[in-house]
Amino acid sequence: MPEPLRDDVYRRPLLTALERLGIGPGWRCVDVGAGAGDVSVALAEVVGHEGRVYAVDNDPRARDEAATSAAAFSQVVVLTQSAEELLLPEPVDLAFCRFLLMHVVDPARVLARMRDAVRPGGWVVAQEPITTAGRVGGSAMSMPGARHPDVGALAPALVVTAGLELVDAWAEAPAGVGPGPVAEYLESLTGVSPGEDPVVLPPLVTVIGRVPA
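Notes on the structure in this doc start here. Note that this is a predicted model, so its numbers are computed, not measured. (Residues numbered from 1 in each chain as written. Predicted model: local features only at pLDDT ≥ 70, side-chain atom pairs only at ≥ 80, totals over all residues. Heavy atoms only, no water.)

## A look at the layout of surface pockets
The volume enclosed by the largest pocket comes to roughly 620 Å³. Gly33, Asp57, Phe99, Leu100 and His103 are, among the 34 residues lining the largest pocket, the residues nearest its centre. Those elements that provide at least two residues to the lining of the largest pocket are helix H1 (3–9), strand E2 (52–57), helix H4 (60–69) and helix H7 (181–190). The element best represented in the lining of the largest pocket is H4, accounting for 3 residues. Here the residues of the lining of the largest pocket sort into 18 nonpolar, 7 polar and 9 charged. (1 Å grid on protein atoms, 1.4 Å probe; cavity = no way out; pocket = protein on both sides within 12 Å on 5 of 7 lines; lining within 4 Å. Points joined across faces, edges and corners; volume = space filled by probe spheres on them. Helix = DSSP H or I, 4+ residues; strand = E, 2+ residues; numbered from the N terminus. Nonpolar A, V, L, I, M, F, W, Y, C, P; charged D, E, K, R; others polar.)

As structure tokens, this is what we get:
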């Protein structure tokens, strides 16, 4: 799916999460499952040159795309690693993932690795969908290629199981009728335009966990 388009329709949940954390200049962050680097760039813009953003993905092609997207940001370091084996050269203030846990074999292991990468008192944020809660013309959506398409519904419990303090959790679902970013996103995902059918995209559940001090 095109990263800029996904960033467009789901940008508000991302910005809301960053605002609630109070992220600012000098923060060290890791974007796990960085893909083409849209979130990594958003983080880099906030942390500034005093900060650092590790863009981590297990796909070398995604690594190259992320490196291209973040070429203007010297504070972005692109790494090729699997989420299950996450290992950084320094502790970070924030570990972030979006649309990642739905694809990995063991979401709990990934959250535990993210927790271990964060300094005491730091943050882990996961944004994952509840795919079958999405609707096109009233019919439920599906994503057969995802291992855990509804992992968003389990994300708060998974964060607690990973040994994190659950600080906040909420869901947001972009919606629309007719031409626009929502319809374009759905067409990019399925290859079929929804036409004039009303669309409610899968709610994106944001979970904020804190590493015990």
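## Side note on the packing of aromatic side chains
Tallied over the entire structure, the rule returns 2 aromatic pairs. With centroids separated by 5.2 Å and ring planes inclined at 65°, the aromatic side chains of Tyr10 and Phe99 adopt a geometry described as edge-to-face. One end of the pair, Tyr10, is in the loop between H1 and helix H2 (11–21); the other, Phe99, is in the loop between strand E4 (92–98) and helix H5 (107–117), with 89 residues separating them in the sequence. Summarising the aromatic geometry, the rings of Tyr10 and Tyr185 are spaced 5.9 Å apart at their centres and angled 85° between planes, so their arrangement reads as edge-to-face. Here Tyr10, found in the loop between H1 and H2, pairs with Tyr185, found in helix H7; they are 175 residues apart in sequence, far enough to count as distant. In textbook terms, an aromatic cluster arises when at least three aromatic residues are bridged by ring pairs, as seen for Tyr10, Phe99 and Tyr185. Just above the ring of Trp170 sits the side chain of Arg20; from NZ or CZ to the centre is 4.0 Å. (Phe/Tyr/Trp six-rings, centres within 6.5 Å; stacked < 30°, edge-to-face > 60°. Lys NZ or Arg CZ within 6 Å of the ring centre and 35° of its normal.)

## Some words on the nonpolar core
Core analysis: the largest hydrophobic core is formed by 41 residues, its most contacted members being Val30, Val32, Leu86, Leu88, Leu111, Met114 and Val124. The dominant element in this core, judged by the number of residues it contributes, is H5, at 4 residues. The contacts of Val124, once residues within four sequence positions are left out, are Ala95, Leu111, Met114, Arg115, Val118, Leu164, Val207, Ile208, Gly209 and Val211. (Core = buried A, V, L, I, M, F, W, Y, C linked by side-chain atoms within 4.5 Å. Buried < 20%, exposed > 50% of the residue type's maximum accessible area, 1.4 Å probe, protein only. Contact = heavy atoms within 4.5 Å.)

## Overview of the pairing of strand E5 (residues 118–129)
For E5, the buried fraction is high: 10 of the 12 residues fall into the buried class. Note: E4 against E5, 6 bridges, orientation parallel. Directly across from Cys97, in E5, lies its bridge partner Ala126. Considered for its hand, the β-α-β crossover made up of E4, H5 and E5 is right-handed. With 7 bridges joining them, E5 and strand E11 (residues 204–210) adopt antiparallel strand pairing. The partner of Gln127 across the bridge, within E11, is Thr206. (Pairing = 2+ DSSP bridges. Right-handed = clockwise from strand over helix to strand, strands pointing away.)

## Quick notes on the pattern of salt bridges
Taken as a whole and judged by the stated rule, the model has 10 salt bridges. A salt bridge links Glu90 to Arg28; the shortest N-O distance between them is 3.4 Å. On the criterion of sequence distance, the pair formed by Glu90 in the loop between strand E3 (76–80) and E4 and Arg28 in strand E1 (residues 28–32) is long-range, its members being 62 residues apart. Given a relative accessible area of 26%, Arg28 falls into the partly exposed group. Through salt bridges with shared partners, a single ionic network connects Arg28, Arg52, Glu90, Asp93 and Arg119. (Salt bridge = Lys/Arg side-chain N within 4 Å of Asp/Glu carboxyl O.)

## Topic: the state of the cysteines
Chemically, a disulfide is nothing more than a covalent bond linking the sulfur atoms of two cysteines. Enumeration according to the criterion identifies 0 disulfides in this entry. Here Cys29 is not cross-linked by a disulfide; its sulfur's nearest cysteine counterpart is in Cys97, at 14 Å. In this structure Cys97 comes out as buried when scored by relative accessible area, which is 0%. (Disulfide = S-S within 2.5 Å.)

## Some points on the sheet that holds E4
A sheet is described by the order of its strands in space; here 7 strands give the open sequence E3-E2-E1-E4-E5-E11-E8, paired in mixed fashion. Whereas interior strands pair on both sides, the edge strands pair on one side only; in this sheet they are E3 and strand E8 (165–172). Direction aside, neighbouring strands of the sheet carry axes that sit 15° apart on average. Sheet analysis places E1 next to E4, joined by 4 bridges and oriented parallel. When the sheet's bridge partners are listed, Val32 is paired in E4 with Cys97. Against the sheet, helix H3 (residues 38–47) contacts E1, E2, E3 and E4, and its axis sits at roughly 170° relative to E2. (Axes fitted to C-alpha atoms, helices over the stretch in contact; angles between N-to-C directions.)

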